[in-house]
Amino acid sequence: MSLQVYQFNIWLTSILSLLLGFFVLYKNQKNKLNQSWFWTCLSVSAWSFFYVLGTFEKDYHRALYLLRFCNISAGYIPTFFIQFSINLTGSNKNKRAISLIGYLNSIIFTLFGFTDLFIPLVRPICIFNNYVTYGPIYIWFTIHFLILSFFFEFILVKSLKYLSPEKRNQVKYVIIG
C-alpha cells in the first residue's frame, strides 16, 4: 500500500508541476519571470515523471535510460531556479554569471548523461526495482546541484533588504516554499 502512495505522489508532483508551469506561462508568456518559472516547473515535472517510470520499470535497459533522463532533468532544476530567482529579485549582472555557469554545467550533464561516466548501471534496492549507481561525473552533478541550491537561497535572502514590501512578501513565500 505505501508503495502505491509513493508512486501516486510522484505522479501527482509531475502532473501538478507541469500544470502550474503552463498556467503561469499562460498568464503572461512574454514575462521573463513567468518563462523562468515555467522552465523550472517543466524540469521538476520531467524529473519526477522519469523517476517514477525508471524506478519501477521491469526492463533493465529501459530503466537505465529512464533514470539517466531523470537525472539529466534534475540537473536543470537548480539552473532554472537560479534564473527564476534572478528574475524575481532583479539581481544585478554579477549574479547572472552563476546562471551561465549553471546552464553550461547542465548542458555538459546532458552530453554525458547517457554514458557510463554519469550513471553506469541501475540495481534493485529496498522497494525500488531500479536505483542508480553513480559514475565519476555524478559527484560533479551533486556539487552543481548543492552549490546552485545554496546560491539561489542566498540570492533570495539577500534581496529581502532592498525589495519593495510587495516584492519582499513574494520572495518570502518562495523561500518558505
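Residues numbered from 1 in each chain as written. Predicted model: local features only at pLDDT ≥ 70, side-chain atom pairs only at ≥ 80, totals over all residues. Heavy atoms only, no water.

**Some words on the overall build of the protein chain**
Right, so step 1: If you tally the helices and strands in the protein chain, you get six helices and two strands.
Right, so step 2: Listing each helix as α and each strand as β along the protein chain from the N terminus yields α-α-α-α-β-β-α-α.
Right, so step 3: Rg of the C-alpha trace for the protein chain: 17 Å, near the compact-globule value of 16 Å for 177 residues, within the 12% margin.
Right, so step 4: Projecting the C-alpha coordinates of the protein chain onto the three principal axes gives extents of approximately 55 × 35 × 25 Å. (Helix = DSSP H or I, 4+ residues; strand = E, 2+ residues; numbered from the N terminus. Rg over C-alpha atoms; globule rule 2.2 N^0.38 Å.)

**Some remarks on the pairing of strand 1 (residues 121-125)**
For a regular strand, side chains alternate in direction, first toward one face of the sheet and then toward the other.
Right, so step 1: When strand 1 meets strand 2 (residues 128-133), the two strands line up antiparallel, connected through four bridges. Its bridge partner lying in strand 2, Arg123 is registered against Tyr131.
Right, so step 2: The loop that links strand 1 with its antiparallel partner strand 2 comprises two residues; one of these, Cys126, has a positive phi angle of about 50 degrees. (Pairing = 2+ DSSP bridges.)

**Let's talk about the pattern of salt bridges**
Right, so step 1: The tally for this structure, following the rule as stated, stands at two salt bridges.
Right, so step 2: For the salt bridge of Glu57 with Arg62, the shortest nitrogen-to-oxygen distance reads 3.4 Å.
Right, so step 3: Residue classification places Arg62 among the partly exposed positions, given a relative accessible area of 48%.
Right, so step 4: Close ionic contact of Arg68 with Asp116 constitutes a salt bridge, the shortest N to O distance being 2.8 Å. Of the two residues, Arg68 sits in helix 3 (residues 60-89) while Asp116 sits in the loop between helix 4 (93-112) and strand 1, which places them 48 residues apart along the sequence.
Right, so step 5: In this structure Arg68 comes out as buried when scored by relative accessible area, which is 9%. (Salt bridge = Lys/Arg side-chain N within 4 Å of Asp/Glu carboxyl O. Buried < 20%, exposed > 50% of the residue type's maximum accessible area, 1.4 Å probe, protein only.)

**Quick word on a nonpolar patch on the surface**
Right, so step 1: A surface patch of nonpolar side chains, about 650 Å² in accessible area, is lined by Phe8, Trp11, Leu12, Ile15, Leu16, Leu19 and Phe49.
Right, so step 2: Its location among the elements puts Ile15 in helix 1 (residues 2-27). (Patch = residues over 30% accessible without salt bridge, like charges linked within 9 Å, V, L, I, M, F, W, Y side chains within 5 Å. Areas by Shrake-Rupley, 256 points an atom, 1.4 Å probe, with all protein chains shown as cover.)

**Topic: the layout of surface pockets**
Right, so step 1: The calculated volume of the largest pocket comes to roughly 210 Å³.
Right, so step 2: Taken together, Trp47, Tyr51, Thr55, Leu67, Cys70, Asn71, Ala74, Tyr131, Val132, Tyr134, Tyr138 and Phe141 form the lining of the largest pocket.
Right, so step 3: Sorting the residues of the lining of the largest pocket by element identifies helix 2 (32-55), helix 3, strand 2 and helix 5 (138-159) as the ones contributing at least two each.
Right, so step 4: Ranked by residues supplied to the lining of the largest pocket, first place goes to helix 3 with four residues.
Right, so step 5: Its residues placed into classes, the lining of the largest pocket shows ten nonpolar, two polar and no charged. (1 Å grid on protein atoms, 1.4 Å probe; cavity = no way out; pocket = protein on both sides within 12 Å on 5 of 7 lines; lining within 4 Å. Points joined across faces, edges and corners; volume = space filled by probe spheres on them. Nonpolar A, V, L, I, M, F, W, Y, C, P; charged D, E, K, R; others polar.)

**Digging into the confidence of the model for the protein chain**
Right, so step 1: For the protein chain, the average pLDDT comes to 92, and 98% of its residues sit at 70 or higher.
Right, so step 2: Taken element by element, the predicted model of the protein chain shows its lowest mean pLDDT in helix 4 (88) and its highest in helix 2 (96). (pLDDT = per-residue confidence, 0-100.)

**Observations regarding the nonpolar core**
Right, so step 1: The biggest cluster of nonpolar side chains holds 24 residues, and the ones touching the most others in it are Tyr51, Leu67, Phe118, Ile119, Val122 and Phe141.
Right, so step 2: Listing elements by their share of this core, those giving two or more residues are helix 2, helix 3, strand 2 and helix 5.
Right, so step 3: At ten residues, helix 3 tops the list of elements feeding residues into this core.
Right, so step 4: Counting twelve residues, the second-largest nonpolar core is a separate cluster that includes Ile86, Leu88, Leu148 and Ile155. (Core = buried A, V, L, I, M, F, W, Y, C linked by side-chain atoms within 4.5 Å.)

**So, helix 2**
Right, so step 1: In this model, helix 2 (24 residues) spans 34 Å end to end at C-alpha, consistent with the 34 Å of a helix rising 1.5 Å per residue.
Right, so step 2: Of the residues that open helix 2, the one with a side-chain oxygen 2.7 Å from the backbone nitrogen of Leu33 is Asn31. (Expected span 1.5 Å × (residues − 1). Polar contact = N/O pair within 3.5 Å; in protein donor to acceptor, adjacent residues only side chain to side chain.)

**Structural notes on the packing of helix 3 against helix 5**
Right, so step 1: Where helix 3 meets helix 5, the closest approach of the two axes is 9 Å, and the angle between their N-to-C directions is 20 degrees. Our classification of the angle between helix 3 and helix 5 gives roughly parallel. In terms of crossing hand, the pair formed by helix 3 and helix 5 is left-handed. For the pair helix 3 and helix 5, the contacting residues are Asn71, Ala74, Gly75, Ile77, Pro78, Thr79, Phe81, Ile82, Ser85, Ile86, Leu88 and Thr89 in the first and Tyr138, Phe141, His144, Phe145, Leu148, Ser149, Phe151, Phe152, Ile155, Leu156 and Ser159 in the second.
Right, so step 2: For the contact of helix 3 with helix 5, a count of residues per class yields 15 nonpolar, eight polar and no charged. (Axes fitted to C-alpha atoms, helices over the stretch in contact; angles between N-to-C directions. Parallel < 35°, antiparallel > 145°, perpendicular 65-115°, else oblique. Left-handed = near helix turned anticlockwise from the far one by under 90°. Contact = heavy atoms within 4.5 Å.)

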